[in-house]
Each structure stands twice: as C-alpha cells, then as structure tokens.
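Listed below are the residues making up each chain.
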Amino acid sequence: MALKGVRVLELAGLAPAPFCGMILSDFGATVTRIDKAPQNFLDTLKDGKRNIAINLKHEEGRNIVRKLCRVSDVLIEPYRPGIMEKLGLGPEILMSENPRLIYARLTGFGQNGALAQRAGHDINYLAISGILSFLGRKHEKPTPPVNLLADFAGGGLLCAFGILAALLARQNTGRGQIVDSSMVEGAAYVSSFLTRSQSLPIWGRNRGENTLDTGCFFYDTYETKDNKFMSVGCLEEQFFQTMLKTLGIEGQLTQFDDNEKGRKMLEGIFRTKTQKEWSDLFESTDSCVYPVLHWTDAPHHLHNKERNVFYNSNAMIPNPAPKLSETPAVSSVAKKEKDQWENIQEILSEIDYNAEKIKELVKNDTILTTGKGKL
C-alpha cells in the first residue's frame, strides 16, 4: 500500500480530523487514535485505526503522547490554538524531540488571526470564506451542502494532502514541518473555480440565476411520476439536443432563450413517467441525464457495482478513491478490529512499556479502559 510504514497519531476530534486519519489509514498508514474516553460513539470514521484512551490531565499521560510522537511520522491535532502548548505538547517541544515529525493542525480558522480562538462549525467556515453566498436557489436563503464542503473537502481532505506534501518534502530535507490547515481557507481553495470564473458568461447574476446554480432549466433536477428525481446537465449543445429528442420535444425549445418556458415544459414532461422509465429511455443516449439515486440505492447501480465503488453495499461504505494501479488502497473497515487490550499493549510496547507498567497506568487512570477483558 502507498503509505505502508507511515505512522500517524490522531488526537480524537469530530468529522475533519477522523476523516483525515481515515484517508491515511485507507492508503496504508498505521493510524493510532488517542481518545479522551475509552468509548467514542460519535466517531463513525474510526475503523481500521488502533485506539487508546489517555488521560492528558496526567503528566504521565502527556509523557506517553510525547514518547509516541518520537516514533511517529505524523501527528494530527484538532484543538484550538494554544491548547497543545498548554499541555506541553506543542510543535516546539515535539518537533525538537523528533525533527522528522509532520505536525498537522486542523482547525476552523487557522493558528492565528482575529477569529483563531473562536468556536465554529462547517456552516460558519463557509460563511466567512464567502463560498456560502454562492449556494442556494433563487429567492431562497444561502443553503450549505450539509457539512461536506468545509469539514471534509476543505478540512480533512486538504489536511491529508498537506500531510502527504510534507512527507514528500521530508524526503529531500530530512525535516518535518507544521501543516496549518484552516477550514475557512480550505473551503475557499476547493471553491477556486467559483471565484476565479466570475468573468465567464455562466455567472454574473444573483444566486440561483446562473447556469450552474439551478438558474438554467437545462442544469437542474426534475421530479418524476413516482416522486423521485432525474438530474439534467445538458450544458453542451449536442447533449441538449439529444435530451429534447429523447423527451419528444425536438425543435420546441432553444437552450438560452426559453428558460422559463423550458423549466415548465420539463417539469410537466418528467412527471409523466417514473424514474426507472426515464432512466431506461436515457440509458442508451449520451445526453447527461441520469437518475438521482437514493443513497441506499446507489451501491446497487450497475456502474457502481462494476467499478466496485462501495465496499459494503448494505452499509453504504465507499471504497477508497482514487484507485491506484500498483499500490491500491483498502477500506479501513476491511481491517481486523482488535480489542482494547490488544490495542493498548501493541501501542505501548512500541515505546517499551511492559505489562506491569501498563497495569499501573490503568490502575491510576492514566490509561482509560471500559474495564472489560483482561490485560
């Protein structure tokens, strides 16, 4: 696997940091998640990672993290600026002890600036980045795409990219570096096309009135007879004409001059057949018209099955992407899960803690456990 041999410590957080760790794990890194409590029910991206719950209020707990960082390649930390420094685990200390360490700091607003110490969530980061102002239909308020754009695309994914870039640079310099990953900046960066294409004819109007933001009838979704939907993305002339022909209205609409007429006509036509009937009609055409699959149905679509898009179709767990021809990634859920004691012993043995020392750490609540099983 591409990242085999890379050792990552992930301090437990919500959404972006676990996703970042999941990506590295899927592509072969050994990821050790350091939890605040012995059970973390909110982290749904923890599969394939080793985990250990450490009480960082204890000096010995902080020492364990320092020792683990000495034998690790990457640290992912999701806390507000200054928290790690207060714990004595800031980059100045950890990177002095391990100059090759990649110290990834994943936060909403970054390590400095007027908002650095403020709390926030995906919707707030999108708002400050300016990108939220693009999103939403005409005459409606700005609408965030769940929490995908800042938390995951601009946050976890770009942080993973930053880590990989730093690992590549380390091959030349022999030194690690700090990755300052801000979700505001990440959301802005992954949206570069939006901001850098505003001079093109596809923009220039208010939100929801442009070509790609549902302002045009040939780039939108339409309800079918069975209350499902079809997606229409006929931007190019040839696709537009093929769509009209398939719908049986060839010659009745122009692409750019009949917007409201076209929207009403397509709304009425698509309601005359079920999603499956329309899908079957468009299946043999090259017209950029496809069914809006319910998320539980997507794994069963023929193309997705042929491409092995999902590891577990029942649980809707996607396989890692992109596909690598020589060192393919493997979904973390495919990795054998170890119990808490196996994890604890394996992790701490790497910094030379024997069974007696581990028992002592458990007894004084430096290492937190559920109490189930035996060491």
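Procedures and definitions
Residues numbered from 1 in each chain as written. Predicted model: local features only at pLDDT ≥ 70, side-chain atom pairs only at ≥ 80, totals over all residues. Heavy atoms only, no water. Helix = DSSP H or I, 4+ residues; strand = E, 2+ residues; numbered from the N terminus. Buried < 20%, exposed > 50% of the residue type's maximum accessible area, 1.4 Å probe, protein only. Salt bridge = Lys/Arg side-chain N within 4 Å of Asp/Glu carboxyl O. Phe/Tyr/Trp six-rings, centres within 6.5 Å; stacked < 30°, edge-to-face > 60°. Lys NZ or Arg CZ within 6 Å of the ring centre and 35° of its normal. Core = buried A, V, L, I, M, F, W, Y, C linked by side-chain atoms within 4.5 Å. Contact = heavy atoms within 4.5 Å. Pairing = 2+ DSSP bridges. Axes fitted to C-alpha atoms, helices over the stretch in contact; angles between N-to-C directions. Right-handed = clockwise from strand over helix to strand, strands pointing away. Arc of directions from axis to C-beta.

Trainee: Explain unusual backbone geometry to me, and be specific about the residues and the numbers.
Mentor: Backbone torsion omega between Ala321 and Pro322 reads 0°, so that peptide bond is classified as cis. Tracing the backbone through its elements, the reader meets Pro322 in the loop between strand E11 (317–318) and helix H13 (340–349). Unlike most non-glycine residues, Ala15 shows phi in positive territory, near 60°. You can see Ala15 is positioned in the loop between strand E1 (7–11) and helix H1 (16–26). Residue Ala15 is classed as partly exposed on the basis of its relative accessible area of 22%.

Trainee: Give a description of the pattern of salt bridges that names residues and reports values.
Mentor: When charged atoms on two side chains of opposite charge get close, those side chains can pair. By the definition in use, this model includes 18 salt bridges. Ionic pairing is found between Arg50 and Glu346, a salt bridge with its closest N-O pair at 2.8 Å. Taken together, the positions of Arg50 in strand E3 (residues 50–54) and Glu346 in helix H13 put the pair 296 residues apart, joining distant regions of the chain. Judged by its relative accessible area of 9%, Arg50 falls in the buried class. Its relative accessible area of 26% is what places Glu346 among the partly exposed residues. With a shortest N-O distance of 3.8 Å, Glu209 and Lys138 are connected by a salt bridge. Separated by 71 residues along the polypeptide, Glu209 in the loop between helix H8 (192–196) and strand E7 (219–223) and Lys138 in the loop between helix H5 (122–129) and helix H6 (148–173) bring together distant segments of the chain. Overall, the relative accessible area of 40% leaves Lys138 in the partly exposed class.

Trainee: So what about the environment of Lys359? Which residues, and what values?
Mentor: With respect to the helices and strands, the residue Lys359 is situated in helix H14 (residues 355–363). For Lys359, a relative accessible area of 41% puts it in the partly exposed group. Spatially, the C-alpha atoms of Lys359 and Pro328 are 39 Å apart, while their sequence positions differ by 31 residues.

Trainee: Can you break down the packing of aromatic side chains residue by residue, with the values?
Mentor: Aromatic rings in a pair are described by how distant their centres are and how their planes are angled relative to each other. Going through the model one piece at a time under the given rule, you end up with 10 aromatic pairs. Plain terms: the ring middles of Phe217 and Phe240 are 5.8 Å apart, the flat faces sit at 75° to each other, and that makes the pair edge-to-face. Of this pair, Phe217 sits in the loop between H8 and E7 while Phe240 sits in helix H9 (residues 237–247); the two residues are 23 residues apart in sequence, bridging distant segments of the chain. Each member of the pair Phe217 and Phe240 is classed as buried. An aromatic cluster of three or more residues is present, and its members are Phe217, Phe218, Phe240 and Phe256. It is Lys273 that lies over the ring of Trp278; its NZ or CZ is 5.7 Å from the centre.

Trainee: How would you explain the nonpolar core if you had to name every residue and give the values?
Mentor: Counting residues in each nonpolar core, the largest one holds 38 residues, and the members touching the most others are Val8, Leu24, Val74, Ile76, Leu126 and Ile163. Among the elements of the structure, H1, strand E4 (74–77), strand E5 (102–107), H5, H6 and helix H7 (183–190) are those that each provide at least two residues to this core. The leading source of residues in this core is H6, at 8 residues. Excluding residues that lie within four positions of it along the chain, Val8 makes contacts with Leu24, Ala29, Thr30, Val31, Thr32, Val74 and Ile76. Ile54, Leu68, Ile347 and Ile351 belong to the second largest nonpolar core, which has 28 residues in total.

Trainee: With reference to specific residues and values, describe the sheet that holds strand E8 (residues 229–233).
Mentor: Strand order across the open sheet formed by 3 strands is E7-E8-E9, with antiparallel pairing between neighbours. The open sheet has two edge strands, E7 and strand E9 (289–291), and neither has a second partner. In this sheet, neighbouring strand axes are inclined to one another by 20° on average, regardless of whether the strands run parallel or antiparallel. Pairing between E7 and E8: 5 bridges, direction antiparallel. Across the sheet, Thr221 pairs through a bridge with Ser231, a residue of E8. Here helix H10 (residues 259–270) sits on the sheet and contacts E7, E8 and E9; the angle it forms with E7, its principal contact strand, is near 35°.

Trainee: Give me the pairing of E7: which residues, what numbers.
Mentor: Alternating residues of E7 divide into Asp220 and Tyr222, all buried, and Tyr219, Thr221 and Glu223, none buried. Here E7 folds back onto E8 in antiparallel fashion, the turn holding 5 residues, of which Asn227 has a positive phi close to 65°.

Trainee: Can you explain the pairing of strand E2 (residues 30–35)? Please cite residues and give values.
Mentor: For E2, the buried fraction is high: 5 of the 6 residues fall into the buried class. By the bridge criterion, 5 bridges tie E1 to E2 in an arrangement that is parallel. By the bridge assignment for E2, Leu11 is matched with Ile34. Regarding topology, H1 serves as the crossover connection from E1 to the parallel E2, and that connection is right-handed. Where E2 and E3 come together, 4 bridges link them in parallel fashion. Within E3, the position partnered with Asp35 by the bridge is Ala53.

Trainee: Which residues make up H5, and what values go with them?
Mentor: Those residues of H5 lying buried are Asp122, Tyr125, Leu126 and Ser129. Looking straight down H5, one finds that the buried residues subtend no more than 100° of arc, so they occupy a single side. Looking at the buried side of H5, the elements it contacts are H6 and H7. Once H5 finishes, Gly130 follows within two positions and takes phi at roughly 90°, a positive value.

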